[in-house]
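Summary of the model geometry
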Amino acid sequence: MSYSTSSFKNPVSLPTGIDQRDHNHVNSGEIHVIIGPMFAGKTTALLRRVNSEAKMGRNVVMIKSNKDTRYAVDAVVTHDGTKFPCWSLPDLSSFKQRFGQVAYEKVDVIGIDEAQFFDDLYDFCCNAADIDGKTVVVAGLDGDYLRRKFGSVLDIIPLSDTVTKLTARCEICGKRAFFTLRKTEEMQKELIGGAAMYMPVCRQHYVNGKSIMESAKKVIESHQVQELIPEKPLVA
Ligand SMILES: Nc1ncnc2c1ncn2[C@@H]1O[C@H](COP(=O)(O)OP(=O)(O)O)[C@@H](O)[C@H]1O
Ligand SMILES: Cc1cn([C@H]2C[C@H](O)[C@@H](COP(=O)(O)O)O2)c(=O)[nH]c1=O
C-alpha cells in the first residue's frame with residue numbers, strides 16, 4: 001500500500017462542531033510525576049514545585065491521602081519538617097465537591113502527595129489535566145516494600161508530561177538508594193510509618209536485608225513451634 005506524503009503535510013482541520021477555544025483549553029493542562037523510595041525527597045520536590053507556581057501568581061491547592069496523617073492531618077509535611085496546608089481526603093473524586101465548583105474553577109495547580117493511596121488517581125489526573133486544564137503535580141511511591149507496583153502511580157506514567165525518579169541514600173552504605181526496606185514483620189501492602197519501620201536501601205542491601213529479615217522470621221517461627229512442643233520428661 002502506498003501513501004501520498006502530501007496528505008500528511010496538510011494541517012488537520014477540526015471537524016465541524018468542535019470549537020477552537022475548547023481545543024486550546026484541552027491542551028493547556030499538564031501532569032508531572034515524582035516517584036522514588038521513601039526518604040528520597042518526593043514531598044520536598046512537590047512542595048518546591050507548588051511553592052514556585054504560587055510565587056508566579058498561580059492558584060495552588062494540595063491534596064494528600066487521609067490514610068497517612070503521621071505528621072499532621074491538614075498539612076503535607078516532609079520528613080525534615082517542611083509543611084504546606086492541604087486537604088486530607090479518602091479519595092480524589094470527592095475533591096471537587098468538597099472544595100466547591102467555583103473555587104475549583106479558579107485553581108491552576110493541584111499537588112497530590114502519597115498518591116499510591118488513591119485508587120482513583122488515573123481518572124482524576126486525566127480529567128483535571130485533559131478536560132479542566134489543570135497542572136497536576138503528583139508525588140508517590142512507585143513500588144512497595146516488596147518492589148511491587150503501588151496503587152495507580154505507575155498507571156499515570158503514560159498520561160504524564162514529565163516523570164522524575166528520585167533516589168535516597170542507602171542507610172547501610174550511603175550509596176544511592178532505589179528501594180524501601182521494611183524493618184518489621186508485617187506483611188500487608190499498606191502500613192503507615194516512618195524511619196522506625198522503613199529504610200531506604202541500595203540494590204545490594206535490599207537483597208541482603210530481605211534475606212536477613214526472612215532468616216530472622218524463620219528463626220522466630222521455629223522458636224514459636226518449639227515452645228508448643230511439650231518438653232520430654234527427664235524420667236520415664
Ligand atoms: N533514612 C532517613 N530517615 C529519616 N529521614 C531521612 C532519611 N533519609 C533522608 N531523610 C530526610 O528526609 C528528607 C526528605 O523528606 P521527604 O521529602 O518527605 O521524602 P519522601 O517524600 O521521598 O519520603 C531528606 O531531605 C532528609 O532530611
Ligand atoms: C514502602 C511502603 C510504604 N508504605 C507507607 C509508609 C508511609 O506511610 C508511606 C510513604 O511515605 P513517604 O512520604 O514516601 O515517606 O507509605 C506502605 O504503606 N507500604 C509500603 O510497602
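Described below are features of the structure shown in this document. Everything numeric here is computed off the predicted structure, so don't read it as measured data.

Parameters at a glance
- Residues numbered from 1 in each chain as written.
- Chains lettered and ligands numbered in written order.
- Predicted model: local features only at pLDDT ≥ 70, side-chain atom pairs only at ≥ 80, totals over all residues.
- Heavy atoms only, no water.
- Salt bridge = Lys/Arg side-chain N within 4 Å of Asp/Glu carboxyl O.
- Helix = DSSP H or I, 4+ residues; strand = E, 2+ residues; numbered from the N terminus.
- Buried < 20%, exposed > 50% of the residue type's maximum accessible area, 1.4 Å probe, protein only.
- Near = heavy atom within 4 Å.
- Polar contact = N/O pair within 3.5 Å; in protein donor to acceptor, adjacent residues only side chain to side chain.
- Areas by Shrake-Rupley, 256 points an atom, 1.4 Å probe, with all protein chains shown as cover.
- 1 Å grid on protein atoms, 1.4 Å probe; cavity = no way out; pocket = protein on both sides within 12 Å on 5 of 7 lines; lining within 4 Å.
- Sits in = over half its atoms within 2 Å of the grid points.
- Nonpolar A, V, L, I, M, F, W, Y, C, P; charged D, E, K, R; others polar.
- Core = buried A, V, L, I, M, F, W, Y, C linked by side-chain atoms within 4.5 Å.
- Contact = heavy atoms within 4.5 Å.
- Expected span 1.5 Å × (residues − 1).

We now examine the pattern of salt bridges. Note that side chains of opposite charge can pair when their charged atoms are close. Using the criterion set out here, one finds 10 salt bridges in the structure. Taking the shortest distance from any N to any O, the salt bridge between Arg-49 and Glu-53 comes out at 3.1 Å. Of this pair, Arg-49 and Glu-53 both sit in helix α3 (residues 42–55), four residues apart, which is roughly one turn of that helix. Classification of Glu-53 by relative accessible area gives buried; the value is 5%. Measuring nitrogen to oxygen at the nearest pair gives 3.1 Å for the salt bridge that ties Glu-53 to Arg-58. Residue classification places Arg-58 among the partly exposed residues on the basis of a relative accessible area of 29%. In the salt-bridge network here, residues are joined through shared partners; they are Glu-30, Arg-49, Glu-53 and Arg-58.

The environment of ligand 2 is made up of 20 residues, and the closest members are His-79, Glu-114, Tyr-145, Lys-189 and Leu-191. The backbone of Leu-191 places a nitrogen or oxygen atom 2.7 Å from an oxygen atom of ligand 2. In isolation ligand 2 has 490 Å² of accessible area, and contact with the protein removes 98% of it. More than half of the atoms belonging to ligand 2 lie within 2 Å of the grid points that define the largest pocket. Partitioned by chemical class, the residues of the shell around ligand 2 number eight nonpolar, four polar and eight charged.

Counting residues in hydrophobic clusters, the biggest one holds 23 residues, and the most contacted among them are Ile-63, Ile-110, Ile-112, Leu-121, Phe-124, Cys-125 and Val-138. For this core, the elements supplying multiple residues, two or more each, are β1 (30–35), β2 (60–65), β6 (109–113), α6 (121–131) and β7 (135–139). Element by element, the count of residues in this core is highest for α6, at five residues. Apart from residues no more than four positions distant in its own chain, Ile-110 is found in contact with Val-61, Ile-63, Tyr-104, Phe-124, Ala-128, Lys-134, Thr-135, Val-136 and Val-137. Judged by nonpolar contacts, the second largest core, of 12 residues, contains Leu-47, Phe-84, Cys-86 and Val-109.

Further remarks concern the environment of Asp-144. Inspection of the secondary structure assignment puts Asp-144 in the loop between β7 and β8 (162–165). Along the primary structure Asp-144 and Lys-183 are separated by 39 residues, whereas in three dimensions their C-alpha atoms are 13 Å apart. Non-local contacts of Asp-144, meaning those with residues more than four positions away in its chain, are made with Phe-150, Thr-180 and Lys-189. Within the structure, the side chain of Asp-144 is placed 2.9 Å from the side chain of Lys-189, a separation counted as a polar contact.

Moving on to α3. Over its 14 residues, α3 runs 20 Å from end to end, which matches the ideal 20 Å to within 8%, given 1.5 Å per residue. Within the span of α3, buried status applies to Lys-42, Thr-43, Ala-45, Leu-46, Leu-47, Val-50 and Glu-53. Each element contacted by the buried residues of α3 is listed here: β1, β2, β3 (75–77), β4 (83–85), β6 and β7. Residue Gly-57 follows α3 closely and has a positive phi angle near 90°.

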